[in-house]
Amino acid sequence: MIMIAILIGCVLGVIFGMNAPMISYTYSSYLAIAIIAALDTVFGGITSVIKKNFDLKIFITGFFGNAILSILLTILGQKLNVDIYLAAIVVFVGRMFMNLGIIRRYYVDKWSEKLKAKQTKVEE
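Attention here is on the structure that accompanies the text. All values derive from a computational prediction rather than experimental measurement. (Residues numbered from 1 in each chain as written. Predicted model: local features only at pLDDT ≥ 70, side-chain atom pairs only at ≥ 80, totals over all residues. Heavy atoms only, no water.)

A count of helices and strands for the protein chain gives 4 helices and 0 strands. At 19 Å, the protein chain has a C-alpha radius of gyration far larger than the 14 Å of a compact globule built from 124 residues. C-alpha atoms of the protein chain, sized along the principal axes, occupy 70 × 30 × 25 Å. Considering only contacts within the protein chain whose residues lie at least 6 apart along the sequence, 75% involve residues at least 24 apart. Summed over its atoms, the accessible surface of the protein chain is roughly 9800 Å², and 73% of this surface lies on carbon and sulfur atoms. Across the protein chain, 12 positive and 7 negative side-chain charges occur, with their mean positions spaced 4 Å apart. (Helix = DSSP H or I, 4+ residues; strand = E, 2+ residues; numbered from the N terminus. Rg over C-alpha atoms; globule rule 2.2 N^0.38 Å. Contact = heavy atoms within 4.5 Å. Areas by Shrake-Rupley, 256 points an atom, 1.4 Å probe, with all protein chains shown as cover. Lys, Arg positive; Asp, Glu negative; His and termini not counted. Charge placed at Lys NZ, Arg CZ, Asp CG, Glu CD.)

In structure tokens, the structure reads:
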């Protein structure tokens, strides 16, 4: 089910990406930080599914809340002529790597258990 949703999302992303107008340089930093915030939320959602404590309300509010907060930090930083958005990037990317590590460990352990089960079955 999740793979079908991912596949549909990828296809829609390609279709919209090919037909979408180019984002001007002025807004590219806003879009970049919003995408990083959204990706952080997606990796957090996958991690919470693995830990079996996923809540859709938390995911949706985190998705939009993180994106909006990061865009507001970017706006404030541009008004103050300070790159405040870099702090948000560091935090979001750090959390993404942490969540990716949890996801990776989960699947490596699952794969290792499968191999051990096969080996014990072959030895019998």
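This paragraph deals with the pattern of salt bridges. A complete count under the given rule lists 1 salt bridge for this structure. In this structure, Asp40 and Arg95 form a salt bridge, with 2.4 Å as the shortest nitrogen-oxygen distance. A residue pair is termed long-range when its members are at least 10 positions apart, and Asp40 in helix H2 (residues 25-50) and Arg95 in helix H4 (residues 85-123) qualify at 55 residues. For Asp40, a relative accessible area of 1% puts it in the buried group. Overall, the relative accessible area of 35% leaves Arg95 in the partly exposed class. (Salt bridge = Lys/Arg side-chain N within 4 Å of Asp/Glu carboxyl O. Buried < 20%, exposed > 50% of the residue type's maximum accessible area, 1.4 Å probe, protein only.)

There is a patch of nonpolar side chains on the surface, built from Val49, Phe54, Leu56, Ile60, Phe64, Ile68, Leu72 and Ile75 and spanning about 730 Å² of accessible area. Of all the elements, helix H3 (residues 56-80) adds the most residues to the nonpolar patch, at 6 residues. With relative accessibility at 48%, the residue Phe64 sits in the partly exposed group. (Patch = residues over 30% accessible without salt bridge, like charges linked within 9 Å, V, L, I, M, F, W, Y side chains within 5 Å.)

Now for the packing of aromatic side chains. Scanning the model with the defined rule gives 4 aromatic pairs in all. Ring centres of Phe59 and Phe63 lie 6.2 Å apart, and the angle between their planes is 35°; this geometry places the pair in the tilted category. With Phe59 and Phe63 both in helix H3, this residue pair falls 4 residues apart, about one helical turn. Residue classification places Phe59 among the partly exposed positions, given a relative accessible area of 21%. Ring pairing ties together the aromatic residues Phe54, Phe59, Phe63 and Phe64, which thus form one cluster. (Phe/Tyr/Trp six-rings, centres within 6.5 Å; stacked < 30°, edge-to-face > 60°.)

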